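# Summary of the model geometry
Residue-level listing of the chains:
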Amino acid sequence: MENPGFERSKDDPPQYEETSFSSNGFRNGERRAVRSSVVSAFGHDTLDRVPNADFYRNAASISGHRAIRPSLQELHDVFQKNGGLNIPNTVEDSERADDSTLGDVESVIPLEEKKDTGGVVKFGWIKGVLVRCMLNIWGVMLFIRLSWVFGQAGIGLGIVVVLLSIVVTSVTCLSMSAICTNGVVRGGGAYYLISRSLGPEFGGSIGLIFAFANAVAVAMYVVGFAETVVEILKENDALIVDPMNDIRIIGCITLVLLMGITVAGMEWEAKAQVGLLVILLVAIGNVFVGTVIPSTKDKRSKGFFNYQESIAKENFLPEFRDGETFFSVFAIFFPAATGILAGANISGDLKDPQAALPKGTLLAIFITGITYLGIALVVSVTVVRDATGNRNDTIPVGSSCNFSSACNLGYDFSICQTTKCNYGLMNNFQVMTLVSGFGPLITAGTFSATLSSALASLVSAPKVFQALCKDNIYKALKFFAKGHGKNNEPIRGYLLTFIIAVAFILIAELNTIAPVISNFFLASYALINFSCFHASYAKSPGWRPAYKYYNMWLSLFGAVLCCAVMFVINWWAALVTYGIEFFLYIYVTVKKPDVNWGSSTQAVTFINAVNNALTLSTVDEHIKNFRPKCLVMTGSPRTRPALLDVAHSLTKNYGLCLTCEVFLGSRDKNLQDMSAAIQQNRIWLNKQKRKAFYTPVASENLRDGAEALLQASGLGRMKPNTVMLGFKRNWRTAKLQEVQNYVGVLHDALDFEHGTVIMRINQGMDISHILKAEEEMERMIMEQQALEMEENDFQPHGGKGFFNRSKKTSKKELTSRVSLDVPHTSDLAKMNQRLMEASSQFKKKQGKGTIDVWWLFDDGGLTLLLPHILTTRKKWKDCKLRIFIAGQSERIEQDKDEMQLLMKKFRIKCDDVKVITDINVRPSAESWKLFQDMIEPFRLHEGSKETTQAEALRKEYPWKITDAELDAFEEKTIRQVRLNELLQEGSRAAKLVVVSMPIARKGSVSDHLYMAWLEALTKNLPPTLLIRGNHQSVLTYYS
């Protein structure tokens, strides 16, 4: 269906035509349309499509329909001979719409905005940008303060003040032009430009204070207008109550009238702006005309003498009075140069923002700059700095009174040296009225300047605020995102702006808040400049602005200049601005809004990561900088949370954690599951605040997959150096191939010289069956809810409503989810409950206790370093280390002292060192009997068979444990059984037990015997880590 608000032109993408190709299963019989150019270009029908703009639209584009190009799988998969070319649909498809938006919230347009948009008012560059910017820049400063600025600073420094202001605004405009021509610009002005360039953190912080600044600026301009009206009432003795309350009354009435014009629609507001511009232009022309009209005696007594070279020479040099300096004068003038974002703030109401904003804003800066300089110069060469206003202060022409050039023109104002005079550039703010040809026109110009600026700010604040609220960065402000009418007017935003403006009008004293407002505007200018610099510095391929007349270093200079000007204008206001912005930045960063705009911050993060990785690769690793970089065989991270929690505690903020999953089977069958798993697990890890990466791989078996991960995971120096996996509890009942693959992973880890960690919890770690049951229950509840809705014809139930009732039901049912696994037995439910508790035990803080480290073999120190790292973490800080070592009975104290000295050299604090002297004692008969029974099903028993029969058994069962093998490793076997007895005796109450992992020599120790060793060593213990380093030092006592 054609978008009614989209007017086609000759440059628009061509229409699609329906063809007779099969629908490929798309709903409602939709067919993928094929342009005739596809057939004509290639001479035959093809799935491939020629380039087209519709393929690149966002999913909810309002300027045209998005088309779906054939997927890579459709082109690459095996061709199906079904009697025709199977071409999927290219028209917009909601099921695939999200794929190309990459999380871009702006592409999700509310339904009410997709309705008929006929009659929408859009402005061109003149009415929408040029006029609006000129009116906003030409403020009351033009008629009331400009003459005073040049009186204080002189013509020379006065020109510098104006030019410096123009430089700041021009550089900002160049940066803004580059940003707004780098893609489609929507509503939101400065907020939109900054947020899409630097991300939601910067955009959200500056957007809120920029909208607030515009709202308060409305009050400032209205109060300026009201003060002028009150001055006229004073002159005519027609005050309503008193000056202060009159300002409030007139200000509120004026605001109501302006609000009426604004709410009537953008079209009426634009017409009012044009009318005000005409008045302002007439007033400006009136000043130039007045300078050539011969001055009267009254005007000469007030310091106006038409064009005089002597006055120009006298006024050229500065004459700062009353404690003023160049910077204080500049601070007073600079707010007059602001307003360059008036056009950008209504970017959503422009026909072509990309073309209109650069052209209109730059021309407005040029015209207003020339106007400021022109008026300032003509006034500075026609009016002296001091005059009495007394017609009798005359002297003969040509006389010298050594005070000012007025002496040469027949007036003696020397009394102004001792007494403050009321006229002249330095004393009279109404010099423009004096110089002009018709004074009331200057008053009308003042009215026009204040009202036009107020009107522009009254429109800008709600528009920017609406764009900010639509992005849902501040969820509490979502209420103000709704628009009304054909132009999507932010009526709620207008009301909020009205309330803020009235509040500040009632204060009627804005001298304190005014510098803060100027600093708010300057902060947005600084960020626009920085956005342009940042995007250019990132050199992202997506940074391709159509406007080429910018320079990244000039933009950086502009950003620094804006920050400097903020402190020049008012240092405390600058600090307040930075403080508010920093607070909002932290707030948005903590809240992490779910948006992805492809900001330059992301691009620079990537560049820094690559550069740091490359830099790291050029430096050899040092023992002091060793940190565990763990490759954790979790499968899906959700299924083994305990293993992930311990690995995360070891690596959090300081190391690398890769959670790995091996999809068993062919790659083709697992591709879709892997793609889905990457997205789901990444979201889950972020939600659980686990700083880890997820890496899946497809392989025919676990060992091959793990080998691929061991070889290919990581980048440069950021490659894993430690493998973590859970203990295979079901090794006795598992298939032979599964056991061989598991032990093979351990062998491969050692072959690749990785440290190896095996974690065992008695209750187990795999909760995948429970998660599956939960998902099944949720599915059943959803189906039940759908059935109930059908039965009730979607009507609410009772007073509370159907959904509230069903929500309670689902929560109640989900609390018993652990017992859902079939069969429904109480024993199984209890087992699942214990498993869930064991799996979540490392999420919470560990109470006071010990981590017992049985450092039996020197593996380079990894067995000691990992538990030490745990004690430095918040969750484990109340646990103390106890060290257990093997020793001889005759030198217990010596061994203990040596180990304590070593701990001191390593700067590792341990609570106690225990020397175990009876490791070589045979285990109890009961323990040995249990071990024998455990390995019995896996023994070959070839010793009791004849030679021929024994050889046949070896060939048939090469994996079984032979009698020769048991004899060869009897001592090692006995040691594992005995160690378990000692572990149960000494560490049963520990929070965590860490033991040196025994190594099985390849080709000598069978897989089942090795698994029996690990089983015997770790059974009936608290959570246990078996650790074996790669026998390279990871600890040192040298500085």
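Coordinates for the structure precede this section.
The structure contained in this document is the topic of the report that follows.

Reading the values: rules and limits
- Residues numbered from 1 in each chain as written.
- Predicted model: local features only at pLDDT ≥ 70, side-chain atom pairs only at ≥ 80, totals over all residues.
- Heavy atoms only, no water.
- Helix = DSSP H or I, 4+ residues; strand = E, 2+ residues; numbered from the N terminus.
- Buried < 20%, exposed > 50% of the residue type's maximum accessible area, 1.4 Å probe, protein only.
- Contact = heavy atoms within 4.5 Å.
- Areas by Shrake-Rupley, 256 points an atom, 1.4 Å probe, with all protein chains shown as cover.
- Pairing = 2+ DSSP bridges.
- Axes fitted to C-alpha atoms, helices over the stretch in contact; angles between N-to-C directions.
- Core = buried A, V, L, I, M, F, W, Y, C linked by side-chain atoms within 4.5 Å.
- Patch = residues over 30% accessible without salt bridge, like charges linked within 9 Å, V, L, I, M, F, W, Y side chains within 5 Å.
- Salt bridge = Lys/Arg side-chain N within 4 Å of Asp/Glu carboxyl O.
- Lys, Arg positive; Asp, Glu negative; His and termini not counted.
- Charge placed at Lys NZ, Arg CZ, Asp CG, Glu CD.
- 1 Å grid on protein atoms, 1.4 Å probe; cavity = no way out; pocket = protein on both sides within 12 Å on 5 of 7 lines; lining within 4 Å.
- Points joined across faces, edges and corners; volume = space filled by probe spheres on them.
- Nonpolar A, V, L, I, M, F, W, Y, C, P; charged D, E, K, R; others polar.
- Disulfide = S-S within 2.5 Å.
- Parallel < 35°, antiparallel > 145°, perpendicular 65-115°, else oblique.
- Left-handed = near helix turned anticlockwise from the far one by under 90°.
- Phe/Tyr/Trp six-rings, centres within 6.5 Å; stacked < 30°, edge-to-face > 60°.
- Lys NZ or Arg CZ within 6 Å of the ring centre and 35° of its normal.
- Polar contact = N/O pair within 3.5 Å; in protein donor to acceptor, adjacent residues only side chain to side chain.
- Expected span 1.5 Å × (residues − 1).

## A look at the overall build of the protein
The helix and strand tally for the protein stands at 35 helices and 10 strands. Buried residues in the protein amount to 50% of all 1039 residues. A sequence separation of at least 24 residues applies to 79% of the contacts in the protein between residues at least 6 apart. For the protein, the computed accessible surface area is about 49,900 Å², with 57% contributed by carbon and sulfur atoms.

## Quick look at the sheet that holds strand 10 (residues 1024–1028)
Pairing within the open sheet is mixed, and its 10 strands lie in the order 3-2-1-4-5-10-9-6-7-8. Strand pairing shows two members of the sheet lacking a second neighbour, strand 3 (693–699) and strand 8 (912–916), which therefore form its edges. Ignoring strand direction, the axes of neighbouring strands in this sheet form an average angle of 20 degrees. When strand 5 (residues 755–760) meets strand 10, the two strands line up antiparallel, connected through five bridges. Directly across from Thr756, in strand 10, lies its bridge partner Arg1028.

## Re the nonpolar core
If you look at the biggest cluster of nonpolar residues, it comprises 140 residues, and the most contacted ones within it are Phe143, Leu146, Phe333, Leu341, Tyr372 and Leu522. Residue contacts for Leu341: discarding those within four places in its chain leaves Met176, Ala190, Phe210, Ser524, Tyr525 and Ile528. In terms of nonpolar packing, the next biggest core, distinct from the first, is built from 55 residues, Leu656, Val697, Val977 and Leu1026 among them.

## Observations regarding a positive patch on the surface
On the surface, a cluster of positive charge is made up of Lys592, Lys652, Lys689, Lys691, Lys874 and Lys877. Structurally, the position occupied by Lys874 is in the loop between helix 29 (862–871) and strand 7 (879–886). On the basis of relative accessible area, Lys874 is assigned to the exposed category, the value being 68%.

## A word on empty space enclosed by the protein
Per the counting criterion, the structure on display carries three cavities of 30 Å³ or more. The space that makes up the largest cavity amounts to roughly 90 Å³. As for the largest cavity, its lining consists of 13 residues, of which Asn136, Asn214, Thr338, Gly339 and Phe521 are closest to the centre. Only helix 8 (200–235) and helix 18 (513–538) provide two or more residues apiece to the lining of the largest cavity. Per-element accounting of the lining of the largest cavity gives the leading share, three residues, to helix 8. Its residues assigned to classes, the lining of the largest cavity comprises seven nonpolar, six polar and no charged. The wall of the second largest cavity is formed by Ile137, Val162, Ile166, Thr169, Phe333, Ala337, Ile365, Thr368, Gly369 and Tyr372. For the lining of the second largest cavity, the secondary-structure elements that each account for two or more residues are helix 6 (146–180) and helix 14 (353–380). Considering only residue class, the lining of the second largest cavity consists of seven nonpolar, three polar and no charged.

## Section: the state of the cysteines
The tally for this structure, following the rule as stated, stands at one disulfide. Cys416 shares a disulfide with Cys421; S-S distance 1.8 Å. Taking the torsion about the sulfur-sulfur bond, which here is approximately -105 degrees, the covalent link between Cys416 and Cys421 counts as left-handed. Assigned by exposure class, Cys416 and Cys421 land together as buried. Cys562 provides the cysteine sulfur closest to Cys563, a residue in no disulfide bond, and the two sulfurs are 6.9 Å apart. For Cys563, a relative accessible area of 26% translates into the label partly exposed.

## Focus on the packing of helix 24 (residues 702–712) against helix 25 (residues 736–751)
A packed helix pair is summarised by two numbers, namely the angle formed by the two axes and the spacing between the axes. As a packed pair, helix 24 and helix 25 sit with axes 8 Å apart at the nearest point and diverge in direction by 20 degrees. When the axes of helix 24 and helix 25 are compared, the pair comes out roughly parallel. Once helix 24 is placed against helix 25, the crossing between them reads as right-handed. For the pair helix 24 and helix 25, the contacting residues are Leu702, Arg703, Ala706, Glu707 and Leu710 in the first and Asn741, Tyr742, Gly744, Val745, His747, Asp748 and Ala749 in the second. Considered class by class, the residues forming the contact of helix 24 with helix 25 number six nonpolar, three polar and three charged.

## Things to note about the pattern of salt bridges
Evaluation of the coordinates by the stated rule reveals 32 salt bridges. The shortest N-O distance in the salt bridge between Glu898 and Arg891 comes to 3.5 Å. The network of salt bridges with common partners includes Glu319, Arg321, Arg385 and Asp386.

## Observations concerning the pairing of strand 8
Bridge analysis of strand 7 against strand 8 gives five bridges, and the strand direction is parallel. Its bridge partner being in strand 8, Ile885 is matched across the sheet by Val915.

## What to know about the packing of aromatic side chains
This structure, assessed with the given rule, holds 26 aromatic pairs. Judged by centre distance (5.5 Å) and plane angle (75 degrees), the ring pair of Phe326 and Phe327 falls under edge-to-face. Phe326 gets classed as buried once you look at its relative accessible area, which sits at 18%. Just above the ring of Trp928 sits the side chain of Arg922; from NZ or CZ to the centre is 5.6 Å. The ring of Tyr957 has Lys960 sitting right over it, with the charged end atom 4.6 Å from the ring centre.

## Regarding a nonpolar patch on the surface
Among the surface-exposed residues, Phe567, Trp571, Trp572, Leu575, Val576 and Ile580 lie close enough to one another that they form a single nonpolar patch of about 550 Å² accessible area. Relative to the helices and strands, Leu575 is located in helix 20 (residues 571–591). A relative accessible area of 46% means that Leu575 is categorised as partly exposed.

## Considering the side chain of Gln984
Counting through the fold element by element, Gln984 comes out in helix 34 (residues 970–987). A distance of 2.6 Å separates the side chain of Gln984 from the side chain of Asn980, its partner in a polar contact. Setting aside chain neighbours within four positions, we find Gln984 in contact with Lys1019, Asn1020 and Leu1021.

## Notes on helix 13 (residues 326–333)
Those residues of helix 13 not exposed but buried are Phe326, Val329, Phe330, Ala331 and Phe333. Considering only its buried residues, helix 13 is in contact with helix 5 (141–144), helix 6, helix 14 and helix 19 (552–569).

## Some words on unusual backbone geometry
With a phi close to 60 degrees, Asn306 is a non-glycine residue in the positive phi region. Within the secondary structure layout, Asn306 lies in the loop between helix 11 (297–301) and helix 12 (309–316). Residue classification places Asn306 among the buried residues on the basis of a relative accessible area of 15%. Backbone geometry at Lys539 places phi at a positive 50 degrees, although glycine is not the residue there. Tracing the sequence through the fold places Lys539 in the loop between helix 18 and helix 19.

## Considering helix 16 (residues 439–470)
Helix length check: helix 16, at 32 residues, gives a terminal C-alpha distance of 47 Å against a target of 46 Å (1.5 Å per residue), a fit within 8%. With 26 of 32 residues buried, helix 16 is to be regarded as a mostly interior element. Asn472 occupies a position one or two residues after helix 16 and carries a positive phi of about 60 degrees.

## Points about the packing of helix 34 against helix 35 (residues 1007–1018)
It is the contact of helix 34 with helix 35, at a shortest axis distance of 7 Å, that shows an interaxial angle of 20 degrees. The orientation of helix 34 relative to helix 35 falls into the category roughly parallel. The crossing of helix 34 and helix 35 is right-handed. Seen from helix 34, the contacting residues are Lys972, Thr973, Gln976, Val977, Leu979, Asn980 and Leu983; seen from helix 35, they are Leu1009, Trp1013, Ala1016, Leu1017 and Thr1018. Split by residue class, the contact of helix 34 with helix 35 holds seven nonpolar, four polar and one charged.

## Some points on the environment of His754
Mapped onto the elements of the fold, His754 is located in the loop between helix 25 and strand 5. His754 sits 44 residues away from Leu710 along the chain, and the two C-alpha atoms are 8.8 Å apart. If we ignore the near neighbours within four places in the chain, the residues touching His754 are Leu710, Pro720, Asn721, Thr722, Val723, Ala749, Arg1028 and Asn1030. A distance of 3.0 Å separates the side chain of His754 from the backbone oxygen of Pro720, its partner in a polar contact. Polar side-chain contacts of His754 include one of 3.1 Å to the backbone oxygen of Phe752.

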